[in-house]
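As a plain string of letters, each chain reads:
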Amino acid sequence: MSKIEQLLIQDVEPGDVLAHDIFFDRQLLMKKDSILTEKGLELLRKKSVQFISIYYKEKPVISVDFPTFDTPIENSPADGSMVFNFSDSSRNESGNKFDFYAILAELDIEIRYGQLLKEEANIDYLQKTLYSIVAHPTYADYLLQLKKWDYHSYLHCFDAYIIGTLFARHLNIEHVEQLAIGYLLHDIGKLKIPQQLLQKPGRLTAKEFETMKAHTLYGEAIFNQIGLSDLSYIAKSHHERRNGEGYPDSVPAFYTTELELLQIVDVYSAITMKRPYRDAMRAADAFSLLYRDEDKFNGDLLTKFVDFIGIYPENSIVLLSDGLHGIIEKANPLFPTSPRVKCMETNSSFHISINNDITILKMISHQTEDKTELLNTFYNELVSANVESAKKTYLKIVDNFKVAEYFTKIFIPVYQILNLLKMQNAIYDTKYTQVVQYMEQLMQQKIDEQIENDLYHENVLILVDENFKNDYFFKVFLGLIHNNYIFPHIMPIQSSLEVILTKLDTHDFSKTCVISNGKTDTLLLSYLPNMYEVPKNKIEQYLIDLIGDNKDSFDFHYLLEKLAVSPPIFI
C-alpha cells in the first residue's frame, strides 16, 4: 500500500500524484491519482486550498529514533537550560525553515486568538524566541521530523507555543523562554505514534487510544535525552486532569502553574483547530466546553485564560467598564471579541465593538448549560430544520451522554417530533428528509465507533424484511444491540434456506431473531436455532417506551423473551 503524506501546497511539486479527491463547495475539483501540474497547483491556490495529500516519494530518510547524547547539546549550559540571543540576526539557517508568519497564516488567528496578537511587540517577541529555539539543530530537527510525520501535530505544537508562551508571560511566570521550548515540543512523542492513528478520520477505538496515550511517555523520553529533563514533565503530564481522568498516571507527581496552563491551552488548541475530517469548534463554544469540564482544570487559571484571550462564552457574567454587570447573550462567530451583552442592571442589550465605549473588563462567572438545556436547543434546531446550527450544538453534547442515551434521548424523540410535524404539515418534505438523513448519519457514526472498538462477546442472526431493514426504528434497534456488545448479522428474510444455513455454518450464533409482519415461512422457522419471532410494530413500541428518565435500559435478550410471538424453538 502506497504511503500518503499531507503537505502544505507550497511544498507540493509538479509531478506529485494526488492521493485524495479534492472538493470545493461540495464539487469535485480534482480527482485522486491526478498528476499535479503547475497550472493545476495554481488553480488550487486560487481556491485557497492549503493542504494536499500526495503519494509518498522516496526522499532522504529522516530518522525518528531517539538520539543519545553523551554530552549536553552544543552551545547549551550543562544544566540543559537555553541561552537566548535576541539580536536581529536571530533568523539563522534553521530559522529560514520555520517561517513564523506563514505558520500564523494557517492558524485562523482572527477567530481563535482574540486579543492575543493585537500588539506588534507580542508578535516580535514570539518570532525572536522561536528563532532562538530553532537555532539549536536538535530542536529544529525534531520539529522538521514532526512536520513530515504529521503536519497537524506540527501546527498544533506551534499553536500551543504561541498561546502558552504569551499567557505564561502575561502571568509573569519566570524563565518563560525556557518554558517556551517545552510548549513548542510538548507533543514531540507523536513521532513514535503510527501515522494512520494520527491521521485517522474519526474517533479512535479503545485499543488505538491506548496506543495514542503512549505519546506522552515517548515525549518524556525524548526530553530527557536532549537535555530538557527539567521540562520532561510537560511532555509527560499535559494530558493529566485534576479529577484523575487524565493519563498516563491519572494523578501526576506534581502540578505547577506552567503545566496546568498547558493543559488548558492544549485542549483549547485541539478543539478550535480545523481538521480535514471535522469542522473547528468556535472559540466561545470551546470555552463553554472547558467550563463544563471545569473540575478537570485549574478553575482560576481557566478564568484568567478567558480574560486573556478576550472571547467570552455565552451565559458568562462579566464586569463591564462602566462598573455594571452583563451576561453574554450571543457570541459572534465572525467577530468573537464583539458579543451581544445584556446589562443586568438596566436590562438593555448591546454589542461590544470598537464603536461602543463600553468594554468587558473581566469574567465574573460562567453558567454551564445543563444536559436538558442542550438537548432542548438541539431538538429545536432540528425540528426547525436548522441542521448547521444543530451540528454545532451536537459538538457541545457529544461527551455528555452514554451511547445508549443518544438513541433514547436524541434519536427517537427527535424522530417522533418530526413525524408529528409532518402529519400536521408543519415541515416541508425536503426539510424532513434532510433532518432524518442527518440523524441516520449520526446513528451510523455511533455504530461504526462501536464496531471499531470491537468489544463484542456474542453474535446473533437477524432476518428482516427488506422494507423494515431501511426503517429508521430498525437502525435505532441495531444501534442499541451493538451497545449491548452483541454483533447483529443482518440477512433478508426472503433469503433461501440454503443461504441461511450456510451462514449458520460459518458463525456461532447464540440466537436468531426474525422480525416479521406475521407472514413468515413456518418451514424456515423450524430450521433456525434458538429462534425468536418478533413483530416489527412491537419493536417500535418497545423503543418508544424507553424514552424518558427512570426508564428501563435496552436489553436485547429481555426484548426477545418479552416480545416474541411464540416460545423459542430449540432444534
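Our structure's up above, just so we're on the same page.
Residues numbered from 1 in each chain as written. Predicted model: local features only at pLDDT ≥ 70, side-chain atom pairs only at ≥ 80, totals over all residues. Heavy atoms only, no water.

Enquirer: With reference to specific residues and values, describe the pairing of strand E13 (residues 531–535).
Expert: Among the 5 residues of E13, 5 are classified as buried, and the element is accordingly described as predominantly covered. What you see with E13 is no split at all: Met531, Glu533 and Pro535 on one side and Tyr532 and Val534 on the other are buried throughout. As paired elements, strand E12 (residues 511–516) and E13 share 5 bridges and run parallel to each other. Across the sheet, the residue bridging to Cys513 is Tyr532, located in E13. (Buried < 20%, exposed > 50% of the residue type's maximum accessible area, 1.4 Å probe, protein only. Helix = DSSP H or I, 4+ residues; strand = E, 2+ residues; numbered from the N terminus. Pairing = 2+ DSSP bridges.)

Enquirer: If you had to explain the packing of aromatic side chains to someone new, which residues and values would you point to?
Expert: Under the defined criterion, the tally for this structure stands at 23 aromatic pairs. With centroids separated by 5.4 Å and ring planes inclined at 55 degrees, the aromatic side chains of Phe468 and Phe474 adopt a geometry described as tilted. A relative accessible area of 1% means that Phe474 is categorised as buried. Taken together, the ring pairs connect Phe468, Phe474, Phe477, Tyr542, Phe554 and Phe556 into an aromatic cluster. Directly above the aromatic system of Tyr125 lies the positively charged group of Arg169, at a separation of 3.7 Å from the ring centroid. Above the face of the Tyr406 ring, Lys446 is positioned so that its terminal group lies 4.1 Å from the ring centre. (Phe/Tyr/Trp six-rings, centres within 6.5 Å; stacked < 30°, edge-to-face > 60°. Lys NZ or Arg CZ within 6 Å of the ring centre and 35° of its normal.)

Enquirer: Outline the nonpolar core, listing residues and values.
Expert: Counting 87 residues, the largest nonpolar core has Leu116, Tyr154, Ile162, Leu185, Tyr268, Phe305 and Ile309 as the members making the most contacts within it. Per-element accounting of this core gives the leading share, 12 residues, to helix H6 (residues 151–170). Aside from chain neighbours lying at most four places away, what touches Leu185 is Tyr139, Leu143, Phe223, Ile226 and Leu228. If you look at the next biggest cluster of nonpolar residues, it comprises 56 residues, including Ile410, Val414, Ile481 and Ile486. (Core = buried A, V, L, I, M, F, W, Y, C linked by side-chain atoms within 4.5 Å. Contact = heavy atoms within 4.5 Å.)

Enquirer: Can you lay out the sheet that holds strand E6 (residues 325–330) for me, pointing to particular residues and giving the numbers?
Expert: A sheet is described by the order of its strands in space; here 5 strands give the open sequence E8-E7-E6-E5-E9, paired in antiparallel fashion. The strands lining the two open edges of the sheet, one partner per strand, are strand E8 (349–351) and strand E9 (360–366). Each neighbouring strand pair of the sheet contributes to a mean axis angle of 35 degrees, computed without reference to strand direction. (Axes fitted to C-alpha atoms, helices over the stretch in contact; angles between N-to-C directions.)

Enquirer: How would you sum up the side chain of His489? Please name residues and give values.
Expert: Within the secondary structure, His489 sits in strand E11 (residues 486–492). The exposure class assigned to His489 is buried, which follows from its relative accessible area of 12%. Among the polar contacts listed, one links the side chain of His489 to the side chain of Asn459, at a separation of 2.8 Å. If sequence neighbours within four positions are ignored, His489 has contacts with Asn459, Val460, Leu461, Ile462, Lys503, His507 and Phe509. (Polar contact = N/O pair within 3.5 Å; in protein donor to acceptor, adjacent residues only side chain to side chain.)

Enquirer: Describe helix H7 (residues 176–184), naming the residues involved and giving the relevant values.
Expert: Within H7, 8 of the 9 residues are buried, leaving the element largely enclosed by the surrounding structure. Taken together, the buried positions of H7 are Val176, Gln178, Leu179, Ala180, Ile181, Gly182, Tyr183 and Leu184. Summarising the contacts, the buried residues of H7 are in contact with helix H4 (120–133), helix H5 (137–149), H6, helix H10 (215–225), helix H11 (232–237) and helix H12 (257–272).

Enquirer: Which residues make up the side chain of Glu381, and what are the values?
Expert: Looking at where Glu381 falls in the secondary structure, it is placed in helix H15 (residues 371–383). Within the structure, Glu381 has its side chain in polar contact with the backbone nitrogen of Ala390 (distance 3.4 Å). Once residues lying within four places of it in the same chain are set aside, the contact partners of Glu381 are Asn386, Ser389, Ala390 and Thr393.

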